[in-house]
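Here are the chains, one letter per residue:
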Amino acid sequence: MLAPGAVAVVTALALALAGCNSSTSSSSAAASPTAGSPSGTTKQASSAPGAQPGSANQLQDAYQKVIGDVLPSVVQITTGDSLGSGIVYDDKGDIVTNAHVVGSATTFTVTLANTTKSLDATLVASYPDSDLAVIKLGSPPSGLRPATFGDSGKVQLGQITLAMGSPLGLSGSVTQGIVSATGRTVSEPRNAGSPGATIGNMVQTSAAINPGNSGGALVNLDSQVIGINTLAATEPQTNGAAAPGIGFAIPASTITNIADQLIKQGKVTNSGRAALGITARTSFDQQFQPAGAVIVAVSQGGPAASAGLQPGDVITKIGDTPVDSLNALTTALASLTPGSKVTVTYTRDGNSRTADVTLGTLESSSQGTP
């Protein structure tokens, strides 16, 4: 299942969720032309003059070892007519995947790697704000192999990556690439399968991500999951044809933070995402052009209320980032962290003002609530 989107760094592109349809916009991070291996990995291929004999075989051996280590932890998830991927999270049968793979369903059919036997699973909980969900096998088989999740802080440009999942229904498929960028902020469009989540700190990869890859694993050469495959770029000018080499994955730190809470509490109380504590919508000027995010309601005792913001105020800038819509406001906040201080520029009664706000934490999924 794939979902489309648009990338700010490549403005002509759209994005597709690797499992259902959606669009995205992204910001931040830089790409690197140099491919390398992850920290701690010594096997590396080289086609440059003077490369050591057998280096290509060493890299091939490294790939095959990673595939042998991780692929048994990657599953195929079927929901009605939709199909996506998931990652075995623990030996109790919990499986983490994208919220857009789960959608509104509560029951699923799961197929483990290297088998055609289907297993029944039910929804544990979903957190659409971060596009993550957990489902649980009804009768976990013996020998279930949970994946190992890596340290997102150690992901570096040029590290070799393998994307594992069920693209186009081809279960147990693997593609390879590198980490092309880190720190991307990506906004999915709203559709039947996605509420339009804005996700920060995503990993950009050149490994091919196709429909059905959503929820699958992005893996380094240390056999660690560094992200969940979520988005792939498409080219709007060619009727949504794939734009090779531009895909996005939710980082491991976000996955483990959210999944642990969903499993233990059935909900998310600490998203790690910044929030103003307001309900807002896009404001339009007299020419009916987007002109900011107007506050509809302010949470009592929340960050915005404490800074003096009121319903009717129109936010036009967060720090140095212009805000011309609700989506722009959400995207700006996604790149910030709870507890950080930011200057909010807004208009009230036609006058421009500023307020210094200490950001709070986004806790629940609610439309128009940044």
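Here the structure is shown first, and the text comes after it.
Caption draft 1: Expanded view of the sheet that holds strand β5 (residues 94-97). Around the barrel, which closes on itself, the six strands sit in the order β3-β4-β5-β8-β7-β6 with antiparallel pairing between neighbours. Strand after strand, the sheet turns through a mean of 40° between neighbouring axes, direction not considered. Sheet topology places strand β3 (residues 74-79) next to strand β4 (residues 82-88); six bridges connect them, and they run antiparallel. Looking across to β4, one finds that Gln76 is bridged to Ser85.

Caption draft 2: Representation of unusual backbone geometry in the model. Positive phi is not limited to glycine here, since Asn201 has a value of about 60°. With a phi close to 65°, Ser223 is a non-glycine residue in the positive phi region. Since its relative accessible area comes to 12%, Ser223 is described here as buried.

Caption draft 3: Expanded view of the pattern of salt bridges. Summed over the entire model, instances satisfying the criterion amount to three salt bridges. Salt-bridge contacts for Lys65 lead to Asp69; the nearest nitrogen and oxygen are separated by 2.8 Å. Of this pair, Lys65 and Asp69 both sit in helix α1 (residues 55-70), four residues apart, which is roughly one turn of the helix. On the basis of relative accessible area, Lys65 is assigned to the exposed category, the value being 54%. Asp69 gets classed as partly exposed once you look at its relative accessible area, which sits at 30%. Between Arg348 and Asp313 there is a salt bridge, with its nearest N and O atoms 2.8 Å apart. A residue pair is termed long-range when its members are at least 10 positions apart, and Arg348 in strand β22 (residues 341-348) and Asp313 in the loop between α4 (303-306) and β20 (314-318) qualify at 35 residues. With respect to burial, Arg348 and Asp313 carry one shared label: buried.

Caption draft 4: Molecular detail of the packing of aromatic side chains. Counted by the stated rule, this structure contains one aromatic pair. Their ring planes at 55° and their centres at 5.5 Å tell us that Tyr89 and Phe149 sit as a pair that is tilted. Of this pair, Tyr89 sits in the loop between β4 and β5 while Phe149 sits in the loop between β8 (132-137) and β9 (160-165), and the two are 60 residues apart along the sequence. Each member of the pair, Tyr89 as well as Phe149, is classed as buried.

Caption draft 5: Quick look at the nonpolar core. Among the nonpolar cores identified, the biggest contains 42 residues, and Ile87, Val96, Phe149, Met164 and Val225 are the most heavily contacted of them. Beyond its immediate stretch of four places on either side in the chain, Met164 contacts Val66, Ile67, Val70, Leu71, Val74, Ser173, Val174, Asn213, Gly216, Ala217, Val219 and Asn229. Ala293, Ala328, Ala332 and Ala355 belong to the second-largest nonpolar core, a separate cluster that totals 22 residues.

Caption draft 6: Molecular detail of the side chain of Thr205. Mapping Thr205 onto the fold places it in strand β13 (residues 198-205). Of the polar contacts made by the side chain of Thr205, one reaches the backbone nitrogen of Ala207; its length is 3.1 Å. Residues in contact with Thr205, not counting those within four places in the same chain, are Thr161, Ile178, Ser180, Leu218, Gly245, Ile246 and Gly247.

Caption draft 7: Quick peek at helix α3 (residues 252-265). Helix length check: α3 (14 residues) gives 20 Å between terminal C-alpha atoms against 20 Å at 1.5 Å per residue, within 8%. Those residues of α3 that sit buried are Ala252, Thr254, Ile255, Ile258, Ala259, Gln261 and Leu262. Once α3 finishes, Gly266 follows within two positions and takes phi at roughly 75°, a positive value.

Rules used in this analysis
- Residues numbered from 1 in each chain as written.
- Predicted model: local features only at pLDDT ≥ 70, side-chain atom pairs only at ≥ 80, totals over all residues.
- Heavy atoms only, no water.
- Pairing = 2+ DSSP bridges.
- Helix = DSSP H or I, 4+ residues; strand = E, 2+ residues; numbered from the N terminus.
- Axes fitted to C-alpha atoms, helices over the stretch in contact; angles between N-to-C directions.
- Buried < 20%, exposed > 50% of the residue type's maximum accessible area, 1.4 Å probe, protein only.
- Salt bridge = Lys/Arg side-chain N within 4 Å of Asp/Glu carboxyl O.
- Phe/Tyr/Trp six-rings, centres within 6.5 Å; stacked < 30°, edge-to-face > 60°.
- Core = buried A, V, L, I, M, F, W, Y, C linked by side-chain atoms within 4.5 Å.
- Contact = heavy atoms within 4.5 Å.
- Polar contact = N/O pair within 3.5 Å; in protein donor to acceptor, adjacent residues only side chain to side chain.
- Expected span 1.5 Å × (residues − 1).

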